[in-house]
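Breakdown of the fold
Here is how the chains run, residue by residue.
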Amino acid sequence: GDGGKAIGPLQIHRSCWLDVRKADEKYEDCYDLEYSLRVFERYMARYAKPSRLGRAVTDVDRARIWNGGPNGYKKDCTIPYANKIKKVLD
């Protein structure tokens, strides 16, 4: 849905990866599922936290942040993605 701008099994954009990468890691590492999951965990640790949201963080919040960036939990455009995730979680 992004014209091939994201890579790997979790569809990670370079800007997301740049936010949480560590020394000696390469963007191409995102093609590996285990590495992609670590990127996701780091991103959530940075942006999906109660001190940012002002309340407890939900899985829907995490989905919206992953889909729409640090403030994705506030963006209407992330609601369809969040609804897909809710169906899977339910």
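See the structure printed just above.
Residues numbered from 1 in each chain as written. Predicted model: local features only at pLDDT ≥ 70, side-chain atom pairs only at ≥ 80, totals over all residues. Heavy atoms only, no water.

1. A short note on the pattern of salt bridges
Note the cut-off: When a carboxyl oxygen of Asp or Glu lies within 4 Å of a side-chain nitrogen of Lys or Arg, that pair is called a salt bridge. Only protein chains enter the area calculation, which uses a 1.4 Å probe; residues under 20% of their type maximum are buried, those over 50% are exposed, and those in between are partly exposed. Each helix is a run of DSSP H or I of at least 4 residues and each strand a run of E of at least 2, with the numbering of both proceeding from the N terminus.
In total, this model carries three salt bridges according to the counting rule given. The closest approach of N and O atoms between aspartate 61 and arginine 55, which form a salt bridge, is 2.6 Å. You can call aspartate 61 buried: its relative accessible area is 4%. Residue class for arginine 55 comes out partly exposed when judged on its relative accessible area of 38%. One salt bridge in this structure joins aspartate 59 and arginine 62, with 3.0 Å as the shortest N-O distance. Here aspartate 59 and its partner arginine 62 are both found in helix H4 (residues 59-68), three residues apart, which amounts to about one turn of the helix.

2. Structural notes on the packing of aromatic side chains
Quick reminder of the rule: Stacked, edge-to-face and tilted labels apply to pairs of Phe, Tyr and Trp rings (six-membered ring for Trp) whose centres lie within 6.5 Å, assigned for plane angles under 30 degrees, over 60, and everything in between, in that order.
Going through the model one piece at a time under the given rule, you end up with four aromatic pairs. On the basis of an interplanar angle of 50 degrees and a centroid distance of 5.6 Å, the ring pair of tryptophan 17 and tyrosine 27 is categorised as tilted. With tryptophan 17 in helix H1 (residues 14-20) and tyrosine 27 in the loop between H1 and helix H2 (33-47), the pair connects residues that are 10 residues apart, well separated along the chain.

3. A closer look at the packing of H2 against H4
Heads up, the condition is: All axes here are fitted lines through C-alpha atoms, helices being fitted over the stretch that makes contact, and every angle between N-to-C directions spans 0 to 180 degrees. Under this scheme an angle from 65 to 115 degrees is roughly perpendicular, one under 35 degrees roughly parallel, and one over 145 degrees roughly antiparallel; angles in between are oblique. Note on contacts: a residue pair qualifies if any of its non-hydrogen atoms lie within 4.5 Å across the two residues. Lys, Arg, Asp and Glu make up the charged group, whereas Ala, Val, Leu, Ile, Met, Phe, Trp, Tyr, Cys and Pro make up the nonpolar group; the residues left over, Gly among them, are polar.
Axis separation between H2 and H4 bottoms out at 11 Å; the angle between their running directions is 105 degrees. It follows that H2 is roughly perpendicular to H4 by the angle criterion. Along the contact surface, H2 presents Val39, Phe40, Tyr43, Met44 and Tyr47, while H4 presents Arg62, Ile65 and Trp66. Among the residues forming the contact of H2 with H4, the class breakdown is seven nonpolar, no polar and one charged.

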